[in-house]
Amino acid sequence: MFLCTIFQMNHKKRGITMPKKLVIVESPAKAKTIEKFLGDDYSVMSSKGHIRDLKEKEFSVDLNNNYKPLYEIPADKQELVNNLQKAADKSDIIWLASDEDREGEAIAWHLYEVLGLTEAKTRRIVFHEITKTAIQKAIENPRHINLNLVDAQQARRVLDRIVGFELSPVLWKKIKPALSAGRVQSVTVRLVVEREREINNFKAEASYRVTAIFNVTDTQGKDVELKSELSKRFTTKEEAKSFLEACINTTFTIEQIETKPAKQTPAPPFTTSTLQQEASRKFGFPVGLTMRIAQKLYEAGKITYMRTDSVNLSDLALGTAKQEIIEMAGEKYHTFRQYHTKSKGAQEAHEAIRPTYINQHAIEGTLQEKKLYDLIWKRTIASQMSDAQIEKTTISINVNGKTEKFVSTGEIIKFDGFLKVYLESTDDDQEQEAKGILPKLSLNQPLQLISAEAQERFTQHPPRYTEASLVRKLEELGIGRPSTYAPTISTIQNREYVDKKEIENPPRTYELITLRKGQIKEEIKKEKVTIEKGKLSPTSIGFVVNDFLTQHFPDIMNYNFTAKVENDFDEIAEGKINWTKSIDNFYKAFHPSVEEAMINTGKKAGERQLGIDPKTGKPVFVKIGRFGAVVQIGEKSPVEKPQFASLRSNQTLETITLEEALDLFKLPMTLGQYENESITVSVGRFGPYIRYGKTFISLPKGQDPLEMTIEKAIELIKAKRITDANRQIKSFDEDNILILNGRFGAYITQNGKNYKIPKDMTPAELTLEDCKRLITEAAAKPKKQLAKGMKHFKKTTKK
DNA sequence: CAGTGAGCGAGCTTCCGCTTGACTT
């Protein structure tokens with residue numbers, strides 16, 4: 001509408017009537033660009049995606065009428081549709097220019113139907129790049145709406161509705177209200193659940209890794225150090241130790257020096273999924289944040305469309321990239337590369353994600369926007385650059401009297417090529433050790449051992465998924481689309497199937513045997529605590545829902561289900577089968593399993609008996625309650641109410657033991673009296689705390705609430721009194737303004753709102769005027785974007 | 001960012017894909 005009004009204004013000014021040619025695209029940003037190319041005869045409007053869909057709250061698939069879909073225009077689309085209608089009525093020819101894929105074809109068809117268009121005045125066109133020639137060419141080569149492709153979309157839509165709206169109610173009844181299941185989200189949860197079980201079942205294996213430092217004379221006659229690792233790892237301490245002992249009185253010689261050329265090739269340009277992965281690895285962005293920033297860049301005309309599975313670059317982009325690279329680094333840094341998409345189910349309606357103007361090396365904007373743009377620019381440029389040429393050298397060292405060899409490896413970059421601008425990150429950066437340059441040495445040369453050590457190492461469990469690595473897995477399996485990756489990841493967290501948290505791995509002890517100056521020393525060392533950030537793990541509900549679904553609906557939960565139905569959709573698109581026939585085949589097999597799962601067995605899914613409470617002799621259960629996982633002692637009866645306790649956030653129904661479950665009932669626990677008030681200890685939403693009258697005090701980190709004593713509690717109360725006394729720095733009572741000491745330093749508070757104090761000001765010296773000024777300044781500042789977006793998202797999804 | 005701290009037998013939940021705005025502790 002916005003575009004339309006501008007348009008009308010322009011024409012009013014020049015006294016021309018509304019044009020008779022209308023082009024409808026999906027995205028407003030795209031409409032704006034195209035309008036410039038087409039000139040005054042054309043009006044370009046956008047549908048903003050689908051304009052019609054199945055009813056939001058109803059099943060809307062008529063099972064008695066050959067699966068006829070019941071479509072409606074959503075309320076928030078009505079105004080847009082009205083405007084499109086007005087424009088269409090005034091136009092002689094309407095070009096439907098939605099994307100060239102299943103969904104795009106359906107959008108064109110819905111427009112055709114809703115706007116009451118006729119074959120005579122309608123043209124269906126598609127273009128893959130937004131340039132004047134591409135668009136003009138498209139306009140000159142129109143076609144008709146492909147109804148087979150539309151049917152394939154209707155089949156997709158109806159199938160998803162049937163699966164989602166028949167499965168979810170089963171979960172409401174058998175597990176918990178307001179849960180959800182679907183073709184995409186349920187399998188996504190399954191991936192996380194299965195990974196967690198792999199981790200739980202994982203047994204770390206120990207082995208001894210032997211490293212050594214030698215002193216050696218290089219070809220220049222200079223003494224240098226050479227680090228080396230034994231090619232074999234020992235499985236026992238005894239073997240490792242006896243090897244080191246054998247090193248005391250033996251000789252070492254260089255047995256082989258091998259130099260091999262190698263090359264490294266740049267990664268293809270970004271798709272939605274690879275952009276999400278790199279932004280996650282390089283900046284730690286959650287996938288939703290990456291998409292919001294990318295959307296901003298797209299709307300500002302800085303980058304091409306951000307929801308794409310294509311790695312293709314337009315001829316224009318290839319040309320400007322070449323020019324940039326040659327200008328920047330010279331001819332030999334440029335290699336023309338055309339990439340082809342290999343991911344399953346790719347529909348390639350767009351280009352890869354790239355800067356709109358490749359000659360623009362940097363942009364204005366927020367820090368996050370700059371970072372993401374820079375990443376996209378570098379990746380695009382690098383994808384058109386030459387391979388890096390590397391020389392790999394391997395030196396193997398013979399240990400006299402032993403079959404095991406020490407090996408040193410080194411790398412020299414002979415020609416940096418694309419590495420000049422960009423290197424893709426890997427998921428396990430910590431395992432990568434920098435490979436340096438090796439000294440020049442000769443064959444059969446002797447070496448002096450300076451020191452050697454055998455360190456006990458453990459195999460690592462498979463890594464938990466991050467949001468981005470989970471997206472990569474989904475793409476690999478062909479599940480979900482670029483536009484749904486981020487929303488799916490949000491859904492499974494909002495439904496509380498998976499949790500994103502920091503996981504602290506407890507420190508392990510390991511053995512270290514060192515050899516230095518002919519002496520062997522044995523030590524026991526402690527590993528550092530490692531913290532995994534932003535890793536996804538299933539909740540109790542996630543486990544239970546997943547197991548329930550896989551038990552009753554193995555076909556839907558199969559990782560190949562999407563791939564299988566995609567085959568059917570392809571056949572529908574090719575006109576080989578009828579879409580309702582295909583849905584009928586599916587429904588006839590699927591629906592009975594829903595009926596069967598609904599049969600009430602009297603027990604809730606996932607309920608598990610842990611054992612008997614020794615105190616009361618009553619059974620102890622875990623199950624999913626109204627607010628998540630709970631332990632229950634005793635069964636419900638008319639005479640007795642069972643006891644309940646919620647599981648802690650780090651416990652799951654899957655792994656909790658009887659002992660841990662019973663511990664939950666020890667709290668809240670009264671520790672005793674202090675100054676005529678009783679002190680109790682308990683665990684709340686934010687961890688363990690003690691309560692003293694009306695005051696709550698969190699326990700220090702690592703303090704087990706069950707180990708709390710009255711003495712420790714009194715200490716905490718005293719400490720709290722001191723901090724409270726120091727809390728207030730200054731007060732201006734007449735304006736309700738206080739300057740307080742908080743967890744993050746001093747701050748100003750007024751009427752329940754808090755304000756920052758700039759670092760260069762001394763809190764104690766602030767005057768009332770200073771405070772008032774800081775408050776008004778803070779109010780004038782725009783609010784943070786991140787908080788804005790997140791808040792909204794929660795609201796709309798919880799509604 | 002600056003504080004918080006249950007409840008566990010009664011009310012309307014849910015899908016996937018295409019796209020952009022409208023909201024404030």
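Since the model is a prediction, treat every value here as computed from it, not as a measurement.

### Regarding the overall build of chain A
Part 1 of the argument: Assigned secondary structure in chain A consists of 22 helices and 30 strands.
Part 2 of the argument: Expressed along its principal axes, the backbone C-alpha trace of chain A runs to roughly 95 × 85 × 70 Å.
Part 3 of the argument: Expressed as a percentage of its 799 residues, the buried residues of chain A come to 45%.
Part 4 of the argument: Long-range pairs, those at least 24 residues apart, make up 69% of the contacts in chain A with a sequence separation of at least 6.

### Considering the sheet that holds strand E7 (residues 93-96)
Part 1 of the argument: If you trace the four strands from one edge of the open sheet to the other, you get E2-E1-E7-E8, paired in parallel fashion. Edge positions in the sheet fall to strand E2 (42-46) and strand E8 (122-124), since each has one partner strand and no second. Along the sheet, successive strands turn relative to each other by an average axial angle of 20°, direction set aside.
Part 2 of the argument: In this structure, E7 lies alongside E8, joined through three bridges in parallel fashion. Across the sheet, residue leucine 96 finds its bridge partner in E8, namely arginine 124.
Part 3 of the argument: Along the sheet, helix H2 (residues 28-38) makes contact with strand E1 (21-25) and E2, crossing E2 at roughly 170°.

### As for the pattern of salt bridges
Part 1 of the argument: Overall, the coordinates contain 39 salt bridges when judged by the stated rule.
Part 2 of the argument: Its salt-bridge partner being glutamate 566, residue arginine 102 comes within 2.9 Å of it at the nearest N-O pair. Here the residue arginine 102 occupies a position in helix H4 (residues 102-114), and glutamate 566 occupies one in helix H17 (residues 561-573), the gap between them amounting to 464 residues.
Part 3 of the argument: Salt bridges here are not isolated pairs; linked through shared partners, they connect Glu278, Arg281, Lys282, Arg379 and Glu424.

### Comments concerning the protein's contact with DNA strand B
Part 1 of the argument: Surveying the vicinity of DNA strand B reveals 60 residues, the closest of which are Ala178, Tyr305, Ser646, Phe686 and Gly687.
Part 2 of the argument: Measuring from a phosphate oxygen of DNA strand B, one finds a side-chain N or O atom of glutamine 185 at 2.9 Å.
Part 3 of the argument: In the model, a base oxygen of DNA strand B is placed 3.2 Å from a nitrogen or oxygen of the arginine 626 main chain.
Part 4 of the argument: For the surface near DNA strand B, the secondary structure elements donating two or more residues are helix H6 (147-174), helix H10 (287-299), strand E22 (643-646), strand E25 (687-692), strand E26 (695-698), strand E29 (745-750), strand E30 (753-756) and helix H22 (785-798).
Part 5 of the argument: Looking at the surface near DNA strand B element by element, the count peaks at nine residues for H6.

### Observations regarding the environment of glycine 182
Part 1 of the argument: Within the secondary structure, glycine 182 is located in the loop between H6 and helix H7 (185-200).
Part 2 of the argument: On the basis of relative accessibility, which here comes to 10%, the residue glycine 182 falls in the buried class.
Part 3 of the argument: Contact partners of glycine 182, with chain neighbours within four places excluded, come to Val163 and Val187.

### Considering helix H8 (residues 237-248)
Part 1 of the argument: For H8, with 12 residues, the first-to-last C-alpha span of 17 Å sits near the 16 Å given by 1.5 Å per residue.
Part 2 of the argument: Every buried residue belonging to H8 is among Ala240, Phe243, Leu244 and Cys247, and all of these are buried. Buried positions in H8, seen along its axis, are confined to an arc of 95° and lie on one side of it.

### Quick notes on the side chain of serine 168
Part 1 of the argument: In this fold, serine 168 is placed in helix H6.
Part 2 of the argument: A distance of 2.7 Å separates a polar side-chain atom of serine 168 from the backbone oxygen of glycine 164.
Part 3 of the argument: Apart from the residues within four sequence positions on either side, serine 168 is in contact with Leu179, Ser180 and Ala181.

### Concerning the confidence of the model for chain A
Part 1 of the argument: Scored by pLDDT, chain A comes out at a mean of 88, with 92% of its residues at no less than 70.
Part 2 of the argument: When the criterion is pLDDT under 50, residues 782-799 qualifies, and its contacts beyond four places in sequence or with other chains add up to 10 contacts.

### Considerations on the packing of aromatic side chains
Part 1 of the argument: A full pass over the atoms with the stated rule returns 16 aromatic pairs.
Part 2 of the argument: Residues phenylalanine 214 and phenylalanine 406 carry aromatic rings whose centres are separated by 5.5 Å and whose planes lie at 80° to one another, so their mutual orientation is edge-to-face. Taken together, the residues phenylalanine 214 in strand E9 (residues 206-217) and phenylalanine 406 in strand E13 (residues 405-415) connect sequence positions 192 residues apart.
Part 3 of the argument: For the ring pair tyrosine 333 and phenylalanine 415, a centre distance of 4.6 Å and an interplane angle of 45° mean the geometry is tilted.

### With respect to unusual backbone geometry
Part 1 of the argument: With an omega of -5°, the peptide bond running from leucine 667 to proline 668 counts as cis.
Part 2 of the argument: Within the secondary structure layout, proline 668 lies in the loop between helix H19 (658-663) and strand E23 (669-674).
Part 3 of the argument: Residue serine 60 is not a glycine yet carries a positive backbone phi of 60°.
Part 4 of the argument: For serine 60, the position within the fold is in the loop between strand E3 (53-54) and strand E4 (61-62).
Part 5 of the argument: Positive phi outside glycine occurs at asparagine 444, with the angle close to 60°.
Part 6 of the argument: Along the chain, asparagine 444 turns up in the loop between E13 and strand E14 (446-458).

### Details of the nonpolar core
Nonpolar side chains tend to gather and get buried jointly when the protein is soluble and globular.
Part 1 of the argument: Leu96, Leu171, Ile175, Ile303, Leu372 and Leu549 are the most contacted members of the largest nonpolar core, which totals 131 residues.
Part 2 of the argument: The biggest single contributor to this core is H6, with 10 residues.

### Some remarks on the sheet that holds strand E24 (residues 677-684)
Sheets are built from strands paired through backbone hydrogen bonds, the pairs being either parallel or antiparallel.
Part 1 of the argument: Taken in spatial order, the four strands make up an open sheet running E23-E24-E25-E26, and their pairing is antiparallel. The outermost strands of the open sheet, each flanked by one partner alone, are E23 and E26. Strand-to-strand, the axes of this sheet are offset by a mean angle of 25°, without reference to chain direction.
Part 2 of the argument: In terms of strand pairing, E25 meets E26 through four bridges, oriented antiparallel. By the bridge assignment, isoleucine 690 is partnered in E26 with isoleucine 697.
Part 3 of the argument: Contacting E23, E24, E25 and E26, helix H20 (residues 710-727) runs over the sheet at an angle of about 65° to E23.

What counts as what
- Residues numbered from 1 in each chain as written.
- Chains lettered and ligands numbered in written order.
- Predicted model: local features only at pLDDT ≥ 70, side-chain atom pairs only at ≥ 80, totals over all residues.
- Heavy atoms only, no water.
- Helix = DSSP H or I, 4+ residues; strand = E, 2+ residues; numbered from the N terminus.
- Buried < 20%, exposed > 50% of the residue type's maximum accessible area, 1.4 Å probe, protein only.
- Contact = heavy atoms within 4.5 Å.
- Pairing = 2+ DSSP bridges.
- Axes fitted to C-alpha atoms, helices over the stretch in contact; angles between N-to-C directions.
- Salt bridge = Lys/Arg side-chain N within 4 Å of Asp/Glu carboxyl O.
- Near = heavy atom within 4 Å.
- Polar contact = N/O pair within 3.5 Å; in protein donor to acceptor, adjacent residues only side chain to side chain.
- Expected span 1.5 Å × (residues − 1).
- Arc of directions from axis to C-beta.
- pLDDT = per-residue confidence, 0-100.
- Phe/Tyr/Trp six-rings, centres within 6.5 Å; stacked < 30°, edge-to-face > 60°.
- Core = buried A, V, L, I, M, F, W, Y, C linked by side-chain atoms within 4.5 Å.

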